[in-house]
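Results of the structural survey
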Amino acid sequence: MNFITLSIALLITFVTYAAAVLWGDHSGAALALLALAVMFVACIMISGIVERGGLLRVLFGVYFILGYIFPGMLHAASGAYPYFGITYDEETVFTASLIVVIFAAFALLGSTLASLRPHRQFPVEQDALVPQMRVGAIVGLCAMTMVLVLLIGPSAFIRRRSDEFMTGVGSFETLLILMSIARSLPVLAVCASLHRRWCGGWSLTNIALFSLSLICVSVTNFPLAVPRFALVGVVVTVLHFAVDISAPRFKFLFVASVVAGIVTVFPLLSFLQRGVEGTAFEINPLSYLAISVDLDGFQSTANIVQVVDANKLYWGWQLLSSAFFWVPRSIWPDKGQPSGAIGADYVGYPFNNISAPLPSELYIDFGFVGCMIGGLLVGYLITRLDRSFLH
């Protein structure tokens, strides 16, 4: 990856945009832009695969290509979107595609700049290389997890996502925050126990700590009750501490596993979480990519485009509200609604529990400039972090 390749890619993007403006072929230009976005993100992902380390770039590429851009290409090409048969005019689809490709192009630029900058190595004392995780910290994380499970109610963690449940906790927002904490704490405990294993082997203490942590993770992150992206995040995080997956062959196998899993395991999990009994053999893996509500990121971006066209930009209010999501609305009544919910309400969804991809969040606050700066920072940071892990 070098500046010549990047310059050619950016030139193609500009020419495609100019052609769309001159000839008015927004549908064809939208698909071309999304194809370019795949190329930009693939460059970042491939650089992460071939280098020692690079896991963050691989995860970034897998999510953006398989979970966001490629399904968006299918939606833009067919005009069929996952939610409620809603359709979008060509200009909206083109603008959404432009948001994606600008973010991807500047992410590639940021990654390129980070790769060119030499990494400073600092001397580290030998004792600091193998910090011993205290037993009390791991036990404490598990204990806090069990307290939250009992407070919220175990049924909230093991129900199917399509099932309703009752809880004694106050507001729905408070419930989501507490459940997120309860799901995160045991993951930290598992990672800490695995780190102890790397430092001291499988002693009886380490086996007991790992078993306790794994039980807590299994309860709070029950596969039928958590979103698939969250489940994959837990698995990858634990795997990263369990084995050395920084070698290129392991990262290649990971990408291949995700490609296979997104048309097999993901549709099956979707059926198990939301499906109707007696329809197990009606799962169509290929249609999952085209119509599944789990892959609605591009439609959410199109919703945000219409919101901005109607209401102008929010100038950082959404990102500020996201940064302080933990502040209750009783204290901050004017805190912004989630961007995905704003888009869903605007286009007429009957519910608004919808997420918005990062490019959409940047666009609703700062327009195309936000996508440029945000993409640049994301590409730069994930590459610098990848390289720092090796030192």
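All of these numbers come straight from a predicted model, not from anything done at the bench.

Some details on the overall build of the protein chain
Within the protein chain one finds 17 helices and zero strands. Of all 391 residues assigned to the protein chain, the portion counted as buried reaches 45%.

Looking at the environment of Trp315
When you line up the elements, Trp315 lands in the loop between helix H14 (297-311) and helix H15 (317-323). Take Trp315: its relative accessible area is 63%, and that puts it in the exposed class. Setting aside residues no more than four positions away along its own chain, Trp315 makes contact with Ile364, Asp365 and Phe366.

Some remarks on the pattern of salt bridges
What the rule picks out here adds up to two salt bridges. Note that Arg57 and Glu51 form a salt bridge whose closest N and O atoms lie 2.9 Å from each other. A residue is classified by how much of its surface remains accessible, and Arg57, at 0% relative accessible area, is buried. Where Asp386 meets Arg57, a salt bridge forms, and the shortest distance between an N and an O atom there is 2.9 Å.

Comments concerning a nonpolar patch on the surface
Residues Val369, Met372, Ile373, Leu377, Leu381 and Leu385 make up a contiguous nonpolar surface patch of about 530 Å² in total accessible area. Mapping Leu377 onto the fold places it in helix H17 (residues 358-389).

Focus on the confidence of the model for the protein chain
Within the protein chain, residue pLDDT values average 77, and 75% of them lie at 70 or more. Here residues 124-131 is a poorly scored stretch, pLDDT under 50, and it has four contacts once near neighbours within four places are set aside; other chains count. With pLDDT under 50 throughout, residues 165-170 is counted as low confidence; its partners more than four residues away or in other chains account for eleven contacts.

Let's talk about the nonpolar core
In this structure, Phe60, Val62, Ile69, Val101 and Phe298 are the most contacted members of the largest nonpolar core, which totals 58 residues. Of all the secondary structure elements, the ones that give two or more residues to this core are helix H2 (26-50), helix H3 (55-78), helix H4 (90-116), helix H11 (248-261), H14, helix H16 (339-347) and H17. If you tally residues by element for this core, the top one is H4, at 13 residues. Ignoring any residue separated from it by four or fewer positions in sequence, one finds Phe60 in contact with Val41, Ile44, Phe103, Ala107, Val378 and Ile382.

Focus on unusual backbone geometry
What is expected of a backbone is that most residues other than glycine have negative phi and most peptide bonds are trans. In the Ramachandran plot, Phe84 falls in the positive-phi region, its phi being about 60° despite a non-glycine side chain. Secondary-structure assignment places Phe84 in the loop between H3 and H4. Judged by its relative accessible area of 44%, Phe84 is partly exposed. One non-glycine residue, Lys312, lies in positive phi territory at about 70°. Position of Lys312 relative to the elements: it lies in the loop between H14 and H15. We classify Lys312 as exposed; its relative accessible area is 58%.

A few points about the packing of H4 against H14
Close contact between H4 and H14 brings their axes to 9 Å; oriented N to C, the two are set at 110°. In this view, H4 runs roughly perpendicular relative to H14, as classed from their interaxial angle. Every pair of crossing elements has a handedness; the one defined by H4 and H14 is right-handed. Taken together, the residues of H14 that come into contact with H4 (itself represented by Thr92, Val93, Thr95, Ala96, Ser97, Ile99 and Val100) are Phe298, Thr301, Ala302, Val305 and Gln306. For the contact of H4 with H14, a count of residues per class yields seven nonpolar, five polar and no charged.

Some details on H11
With 14 residues, H11 extends 20 Å between its outermost C-alpha atoms, agreeing within 8% with the 20 Å of an ideal straight helix rising 1.5 Å per residue. Residues of H11 that are buried: Lys251, Phe254, Val255, Val258 and Gly261. Taken end-on, H11 shows its buried residues confined to a sector of 135°, consistent with a single buried face. Away from the buried face of H11 by more than 90 degrees, exposed residues Arg249, Phe252 and Leu253 are located.

Concerning a negative patch on the surface
On the surface, Asp89, Glu90, Glu91 and Asp309 cluster together into a negatively charged patch. Structurally, Glu91 is set in helix H4.

Let's talk about the packing of aromatic side chains
Applying the stated criterion across every chain, the model contains ten aromatic pairs. For the ring pair Tyr63 and Phe64, a centre distance of 5.2 Å and an interplane angle of 85° mean the geometry is edge-to-face. On the accessibility criterion, Tyr63 (40% relative accessible area) is partly exposed. Among the residues examined, Phe64 registers a relative accessible area of 7% and is labelled buried. Each ring, one from Tyr83 and one from Tyr349, has its centre 5.1 Å from the other, and the planes form 40°; the classification is tilted. On the criterion of sequence distance, the pair formed by Tyr83 in the loop between H3 and H4 and Tyr349 in the loop between H16 and H17 is long-range, its members being 266 residues apart. The residues Tyr83 and Tyr349 share a single accessibility class, namely buried. Members of the aromatic cluster, connected to one another through ring pairs, are Phe60, Tyr63, Phe64, Tyr68 and Phe103.

Thresholds, definitions, all that
- Residues numbered from 1 in each chain as written.
- Predicted model: local features only at pLDDT ≥ 70, side-chain atom pairs only at ≥ 80, totals over all residues.
- Heavy atoms only, no water.
- Helix = DSSP H or I, 4+ residues; strand = E, 2+ residues; numbered from the N terminus.
- Buried < 20%, exposed > 50% of the residue type's maximum accessible area, 1.4 Å probe, protein only.
- Contact = heavy atoms within 4.5 Å.
- Salt bridge = Lys/Arg side-chain N within 4 Å of Asp/Glu carboxyl O.
- Patch = residues over 30% accessible without salt bridge, like charges linked within 9 Å, V, L, I, M, F, W, Y side chains within 5 Å.
- Areas by Shrake-Rupley, 256 points an atom, 1.4 Å probe, with all protein chains shown as cover.
- pLDDT = per-residue confidence, 0-100.
- Core = buried A, V, L, I, M, F, W, Y, C linked by side-chain atoms within 4.5 Å.
- Axes fitted to C-alpha atoms, helices over the stretch in contact; angles between N-to-C directions.
- Parallel < 35°, antiparallel > 145°, perpendicular 65-115°, else oblique.
- Left-handed = near helix turned anticlockwise from the far one by under 90°.
- Nonpolar A, V, L, I, M, F, W, Y, C, P; charged D, E, K, R; others polar.
- Expected span 1.5 Å × (residues − 1).
- Arc of directions from axis to C-beta.
- Lys, Arg positive; Asp, Glu negative; His and termini not counted.
- Charge placed at Lys NZ, Arg CZ, Asp CG, Glu CD.
- Phe/Tyr/Trp six-rings, centres within 6.5 Å; stacked < 30°, edge-to-face > 60°.

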